[in-house]
Amino acid sequence: MTAAIIELLAASRRPLVVCDVDEVVLEFLDPFDRYLNSVGHRLHPDSFRLHGNIRSIAESIVAEDAEVERMQEEFFTTQDRWQTPAAGVDAALRSLSEDADIVFLTAMPPRHHDVRRTLLDLHGLDFPMIATEEPKGPVVASLIAERKVPAAFIDDIAYNHRSVRTHAPDCILIHLMANKVFRAMAPRPDAGIVVAEDWMQAELLIRHHLGLSPG
Ligand SMILES: [Mg+2]
């Protein structure tokens, strides 16, 4: 999949925009909580993590790690029933795609690729997607490759920003997270990572870094 997208981009000289999916392109935490409610659980925003914050509704018992994994697996298998696009993503990416190549890079087991692809297409978010559990930095570097085009990377997880900073240091790193409750509890982004409140602001930051006119 990655190889096919690298080939697709090889002839392009346009700037590159690489977007995470969960909490960036698609809402994740609110839909996941709706799924949890359907199986008798609730996600409590007590800290910036899932494990330990999911409790049964009936008895307020904390779900064990294995149970959280099982519920995440079921959620991702049926994600098309729950997940919806983040506010403003469609307009921003539609506009950016006139001047830049867009690639979705989702840290999800590849077995869920097809259901996610179908869901994104349904919402007109039909940009190429890579689903991998490999670190994101080397993938972003391989997408830029020898073309040396300016690039932007948008994600909600510090670990991914650090990986891209190591492997694609010229890429602008933007922190964007749809869920405002959990975002308020997120660790402070590392120096050099730019925080965008929403997709409108993210688009302006991306356009500025990529040397594009402001939409
Ligand atoms: Mg994410």
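Here goes a summary of the coordinates provided. Position numbers for residues count from 1 along each chain, tracking the sequence in the order it is written. Reporting of local features is limited, given that this is a predicted model, to residues whose pLDDT is at least 70; pairs of side-chain atoms are given and counted only at 80 or more, and all residues count toward the totals for whole chains, interfaces and linings. The basis for the side-chain values is all heavy atoms of the structure; hydrogens and waters are excluded.

Description of unusual backbone geometry
Stage number 1. Despite not being glycine, Ala145 shows a phi value in the positive range, around 50 degrees.
Stage number 2. By the criteria applied, helices consist of DSSP H or I runs no shorter than four residues and strands consist of E runs no shorter than two, each listed in order from the N terminus. Considering the arrangement of structural elements, one finds Ala145 in the loop between helix H6 (136-144) and strand S6 (151-155).
Stage number 3. Accessible area is worked out with a 1.4 Å probe on protein chains only. A residue is then buried under 20% of its type maximum, exposed over 50%, and partly exposed in between. Of the residues examined, Ala145 reaches a relative accessible area of 34% and is grouped as partly exposed.
Stage number 4. Of note in the backbone geometry, Lys148 takes a positive phi value of approximately 60 degrees without being a glycine.
Stage number 5. Considering the arrangement of structural elements, one finds Lys148 in the loop between H6 and S6.

Remarks on the coordination of the magnesium ion
Stage number 1. In this description, a donor is an N, O or S atom within 2.8 Å of the metal centre, a cutoff extended to 3.2 Å for sodium, potassium and calcium. Water is not part of the atom list, which can make sites seem incomplete. Of the protein atoms, only Asp20 (OD), Asp22 (O) and Asp156 (OD) coordinate the magnesium ion, at distances of 2.0 to 2.3 Å.
Stage number 2. Read N to C, the donor residues that coordinate the magnesium ion are spaced as D-x1-D-x133-D. Here Asp156 lies in the loop between S6 and helix H7 (158-167) and Asp22 lies in the loop between strand S1 (16-19) and helix H2 (29-38), a separation of 134 residues in the sequence.
Stage number 3. According to the relative accessible area criterion, Asp22 is buried, its value standing at 13%.

So, the packing of aromatic side chains
Stage number 1. Note on ring pairs: Phe, Tyr and Trp rings are taken, using the six-membered ring of Trp, and paired if centres are within 6.5 Å. Classes follow the plane angle, with under 30 degrees stacked, over 60 edge-to-face and the rest tilted. Taken as a whole, this structure holds 9 aromatic pairs when the rule is applied.
Stage number 2. Each ring, one from Phe28 and one from Phe32, has its centre 5.4 Å from the other, and the planes form 10 degrees; the classification is stacked. The residues Phe28 and Phe32 share a single accessibility class, namely buried.
Stage number 3. Taken together, the aromatic side chains of Phe28, Phe32, Tyr35, Phe75, Phe76 and Trp82 make up a single cluster linked through ring pairs.

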